[in-house]
Amino acid sequence: MTSLPNPSTLTPATEIDLAIEGMTCASCVARVEKALKKVPGVGSANVNLATERATVHASDAGLAVTALEEAVRSAGYEAHVISAAAPQEDLAEKRDSEARELGRALALSAALTAPVFLVEMGSHLLPAFHHWLGMTLGPWNGYAQFILTSLVLIGPGRRFFLKGVPALLRLAPDMNALVALGAGAAYLYSAVATFLPALLPAGTGALYFEAAAVIVTLILLGRMLEARAKGRTGAAIQRLVKLRPKTARVARNGETMDVVLDDVRIGDVVIVRPGERIPVDGRLVEGASFVDESMITGEPLPVAKAIGDTVVGGTINTSGSFSFKAERVGAATVLAQIIRMVESAQGAKLPIQALVDTVTAWFVPVVMAAALATFIGWAVFGPEPSLSLALVNAVAVLIIACPCAMGLATPTSIMVATGRAAELGILFRKGDALQTLRDATIIAIDKTGTLTEGRPAVTDLVTALGFDRADVLRLAASLEARSEHPIAAAIVAAAEEQGLTLAPAISFEAMAGFGASAIVDGRAILVGADRLMARSGLDIALFRDEATRLGLEGKSPLYVAIDGQIAAILAVADAIKPSTPAAIAALKAHGRRIVMVTGDNKATAEAIGRRLGIDEVVAEVLPDGKVAAIERLKARGAKVAFVGDGINDAPALATADIGIAIGTGMDIAIESADVVLMSGDLTGVVRAIALSRATLRNIGENLFWAFAYNAALIPVAAGALYPSFGILLSPMLAAGAMALSSVFVVGNALRLKRFNPA
């Protein structure tokens, strides 16, 4: 991840995040992006409506942040830099506060609007009520509606005019401008009809105060519901932020003290008691326990921790007490980097967003032109009262066409999906990986540490007649305990797992390329390859069939001889992870072609490929050979995803259309990847692809609704149905429909919070 060493200036190829305030629709996004791109030294700028943030990539080392903030301010919005050392302000809390403020404004607006609406609508529906009002109130009916509506527009509705009018004066109209124009036009027309009726043609002096007041009330209702719903889209980030405890218990100068989290330093010994959250990353130096890492990895079972094991800040100590030495603090912790990754992905744009940006850049001016054409058309060609009808239909067009739903369609889905992915232990470092992953038809996978455990283990042990299995393993492990070879460590580990007590080995001799020998419990022990047995004059024909089988399975056979007799054949192999077969089967069921790319020898690789049902095996390749293999796969015209771990996979991860790093390390492999699987489990790839497909489907639904809504209702608002059916769309109904469209889009995106890959 890229960090910001200095918030005042940018270095080349550095990115900076800005929090943007005041955006309400897709046209706002386009204006802020345009303003940022005009700043000298800006390479690119990406603005996200749902997260209210902008990501700027600098191409000039002298670029000042103040210039970016001033550019945004000149476009009519506010901006401030987001520190790389801390996550963005809690959006959920901000949205809740915004929703509460909008709720108060809505309550006041509704209270003032209700009498106006009831009087005017009652007059239309009940002729007797209309006559009673005329006889009782006379001209005070219009005066009362004027006073109440004025209070609505000056009070709760003031926000639309304070932002909309300056936007109109800058010739950069936005949603606020459309609302201000619509409500303002209905209000001014009604005011003239009330106080200066002689200025209007005879028969056109209708009052539309209720339209102006109801428009403001319904738009406020829509914004309040939208703020509440959008606050829930950032719930995943909120939960991640709350994983960090506020304090840590550290041992310094012989004393134990509680310090605030920011005061923990690298090298501090941190003490953790049962049930507590681990404050920072480190390595155990005392004690043992089980740690719940589910919020980091997505895996539900607690993980055993002993001296020398690493722990991650934010995870929960479930049982014993232990102490660990802090190795990563502040912005360097895994949790801080996860939060940063998720924020970055949530602020990204998918390629599909380009279509939306193109449309919305012209949308508001086109809508205003359509409203003007509607007004002129009805005023010139419409039936009497043509002027009143022209006003009503033009206002309806202005109100119903606000492009809020378009601007929210893609970013809200991305925001919810990347948050849900983080809960499943899947980190999308780049938001566009959501779309690319869905389109990947070839999944290339590294073997060691990805398909397999990444370390040798004893997989088979077959004894000759007359030898006890446990005794043979104990003697072999006692010999191998003197060796530092990885295979020797695997044999020792197998004995320890079975609780066997090892004996001292004397006269130990290691023979490179052959094996080793020693005296254990007074017995001569040999452990090694077939060539060691042949050199010692021992016949291994007894295990010939077994050796053939093990070789075909990709395992390395070794022999154990005791006192000059072949006692057993054992196999050591890099064991396949338990979840791998099911993951490969699931990927193939999704129609993906699986290719294994490994530096291992061809026979072993092909044996594993056969066991797992892998479609193609590319073996005996160095890191640059993996890159060449990925390029050959891409040359077939397919989108290629590469799954790997470790530094040697970094070039291939960067070369693939989408790189997926598997494992919990924050090394160069993860820096080169587009997606990080925190659990080290290949089933995460299946989950990531399933989530990618669900997200793109969700975005498609949102975009269809947003575009279809406008395409269908703008003509209706303009009066297209009037000649045939006599139907006109009231500005009040237009305001309600517009508010509903945004709430629908955000609500649909929130369904991704319940995504279950099972």
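Every value quoted in this text rests on a predicted model; they were computed, and no experiment measured them. (Residues numbered from 1 in each chain as written. Predicted model: local features only at pLDDT ≥ 70, side-chain atom pairs only at ≥ 80, totals over all residues. Heavy atoms only, no water.)

Before going further, it helps to examine the packing of aromatic side chains. Two descriptors summarise a pair of aromatic rings, namely the distance from one centre to the other and the angle between the planes of the rings. According to the stated counting rule, one finds 8 aromatic pairs in the structure shown. On the numbers, 5.2 Å between centres and 70° between planes, the contact of Trp378 with Tyr722 is edge-to-face. In this pair, Trp378 sits in helix 12 (residues 353-381) while Tyr722 sits in helix 27 (residues 722-725), placing the two residues 344 residues apart along the sequence. What makes Trp378 buried here is its relative accessible area of 10%. Site record: aromatic cluster; members linked through ring pairs are Tyr143, Phe146, Tyr187, Phe195 and Phe209. Across from the ring centre of Phe514, 5.9 Å away, lies the NZ or CZ of Arg531, which sits over that ring. Taking the ring centre of Phe514 as reference, the NZ or CZ of Arg535 above it sits at 4.3 Å. (Phe/Tyr/Trp six-rings, centres within 6.5 Å; stacked < 30°, edge-to-face > 60°. Helix = DSSP H or I, 4+ residues; strand = E, 2+ residues; numbered from the N terminus. Buried < 20%, exposed > 50% of the residue type's maximum accessible area, 1.4 Å probe, protein only. Lys NZ or Arg CZ within 6 Å of the ring centre and 35° of its normal.)

Between helix 6 (residues 158-169) and helix 7 (residues 175-195), the least distance of the axes is 7 Å, while the angle of their chain directions is 105°. With respect to their mutual orientation, helix 6 and helix 7 come out roughly perpendicular. Residues Phe160, Phe161, Lys163, Gly164 and Leu168 of helix 6 form the contact with helix 7, whose own contacting residues are Asn176, Ala177, Val179, Ala180, Leu181 and Gly184. Per-class residue counts for the contact of helix 6 with helix 7 are 7 nonpolar, 3 polar and 1 charged. (Axes fitted to C-alpha atoms, helices over the stretch in contact; angles between N-to-C directions. Parallel < 35°, antiparallel > 145°, perpendicular 65-115°, else oblique. Contact = heavy atoms within 4.5 Å. Nonpolar A, V, L, I, M, F, W, Y, C, P; charged D, E, K, R; others polar.)

At their nearest, the axes of helix 17 (residues 469-480) and helix 18 (residues 486-497) sit 8 Å apart, and the two run at 135° to each other. Classified by the interaxial angle, the pair formed by helix 17 and helix 18 is oblique. Helix-helix and strand crossings are classified by hand; for helix 17 and helix 18 the assignment is left-handed. Touching Leu473, Ala476, Ala477 and Glu480 of helix 17 are Ala488, Ile491, Val492, Ala494 and Ala495, all from helix 18. (Left-handed = near helix turned anticlockwise from the far one by under 90°.)

Strands sit in the order 2-3-1-4 across an open sheet of 4 strands; the sheet is antiparallel. Each having just a single partner strand, strand 2 (42-48) and strand 4 (78-81) make up the two edges of the open sheet. Strand after strand, the sheet turns through a mean of 25° between neighbouring axes, direction not considered. As defined by bridge partners, strand 1 (residues 15-21) adjoins strand 3 (residues 53-58) across 5 bridges and the pair is classed as antiparallel. Bridging across to strand 3, Asp17 finds its partner in Thr55. Its contacts with the sheet place helix 2 (residues 65-74) against strand 1, strand 2, strand 3 and strand 4, and it is angled at close to 160° to strand 4. (Pairing = 2+ DSSP bridges.)

Residue Pro385 follows Glu384 across a cis peptide bond; omega there is -5°. A positive phi angle is found at Asn253, which is not glycine, with a value near 55°. Residue placement: Asn253 occurs in the loop between strand 5 (247-252) and strand 6 (255-260). One non-glycine residue with positive phi stands out, namely Ser507, at about 55°. On the secondary structure map, Ser507 appears in strand 17 (residues 505-511). Assessed through its relative accessible area of 57%, Ser507 is described here as exposed.

Attention now goes to the pairing of strand 8 (residues 281-287). Relative to strand 13 (residues 322-328), strand 8 is paired through 6 bridges, and the arrangement is antiparallel. From the neighbouring strand, Gly287 faces strand 13, where its bridge partner is Phe322. The sheet contact formed by strand 8 and strand 11 (residues 310-311) spans 2 bridges and is antiparallel. Note on strand 11: the bridge partner recorded for Arg283 is Thr310.

A separate point is the nonpolar core. Of all hydrophobic cores here, the largest spans 128 residues; its most connected members are Leu36 and Phe428. The element that contributes the greatest number of residues to this core is helix 26 (residues 683-718), accounting for 14 residues. Counting residues in hydrophobic clusters, the runner-up holds 41 residues, among them Leu473, Val527, Met533 and Ala547. (Core = buried A, V, L, I, M, F, W, Y, C linked by side-chain atoms within 4.5 Å.)

Turning to a nonpolar patch on the surface, a few remarks are in order. Taken together, the side chains of Leu372, Ile376, Val380 and Phe381 present a nonpolar region at the surface, about 460 Å² in accessible area. Mapped onto the elements, Ile376 comes out in helix 12. (Patch = residues over 30% accessible without salt bridge, like charges linked within 9 Å, V, L, I, M, F, W, Y side chains within 5 Å. Areas by Shrake-Rupley, 256 points an atom, 1.4 Å probe, with all protein chains shown as cover. Salt bridge = Lys/Arg side-chain N within 4 Å of Asp/Glu carboxyl O.)

For the chain, per-residue confidence averages 81 on the pLDDT scale, and 84% of positions sit at 70 or higher. Contacts of residues 1-13 to residues separated by more than four positions or lying in other chains number 32 contacts, the stretch itself having pLDDT below 50. (pLDDT = per-residue confidence, 0-100.)

Further remarks concern the sheet that holds strand 19 (residues 523-528). Strand order in the open sheet formed by 6 strands is 16-21-20-19-18-17, with antiparallel pairing between adjacent strands. Each of the sheet's edge strands pairs with one partner strand only, and the pair in question is strand 16 (452-463) and strand 17. If you compare each strand with its neighbour and ignore which way they point, the axes differ by 20° on average. One ladder, built from 6 bridges, connects strand 18 (residues 515-520) with strand 19; its direction is antiparallel. Residue pairing for strand 19: Ser517 is matched across the bridge by Leu526. Here helix 17 sits on the sheet and contacts strand 16, strand 17, strand 18, strand 19, strand 20 (556-562) and strand 21 (565-576); the angle it forms with strand 19, its principal contact strand, is near 80°.

Bringing the pairing of strand 24 (residues 640-644) into the picture now. Buried residues dominate strand 24, accounting for 5 of its 5 residues. As defined by bridge partners, strand 15 (residues 442-446) adjoins strand 24 across 4 bridges and the pair is classed as parallel. When the sheet's bridge partners are listed, Ile445 is paired in strand 24 with Val643.

On to the side chain of Glu293, then. With respect to the helices and strands, the residue Glu293 is situated in the loop between strand 9 (289-292) and helix 10 (294-297). With relative accessibility at 13%, the residue Glu293 sits in the buried group. There is a polar contact of 3.0 Å between the side chain of Glu293 and the side chain of Lys305. (Polar contact = N/O pair within 3.5 Å; in protein donor to acceptor, adjacent residues only side chain to side chain.)

Our next topic: the pattern of salt bridges. Throughout the structure, instances matching the rule amount to 24 salt bridges. Its salt-bridge partner being Arg53, residue Asp17 comes within 2.6 Å of it at the nearest N-O pair. Here Asp17 is found in strand 1, whereas its partner Arg53 is found in strand 3, with 36 residues between them in sequence. Taken as a pair, Asp17 and Arg53 share a single burial class, namely buried. As a salt-bridge pair, Lys626 and Asp446 come within 2.9 Å of each other at their nearest N and O atoms. Within this pair, whereas Lys626 is found in helix 23 (residues 623-634), its partner Asp446 is found in strand 15, the two being separated by 180 residues in sequence. What you see here is one network of salt bridges that share partners, running through Asp471, Arg474, Asp521, Arg523 and Asp563.

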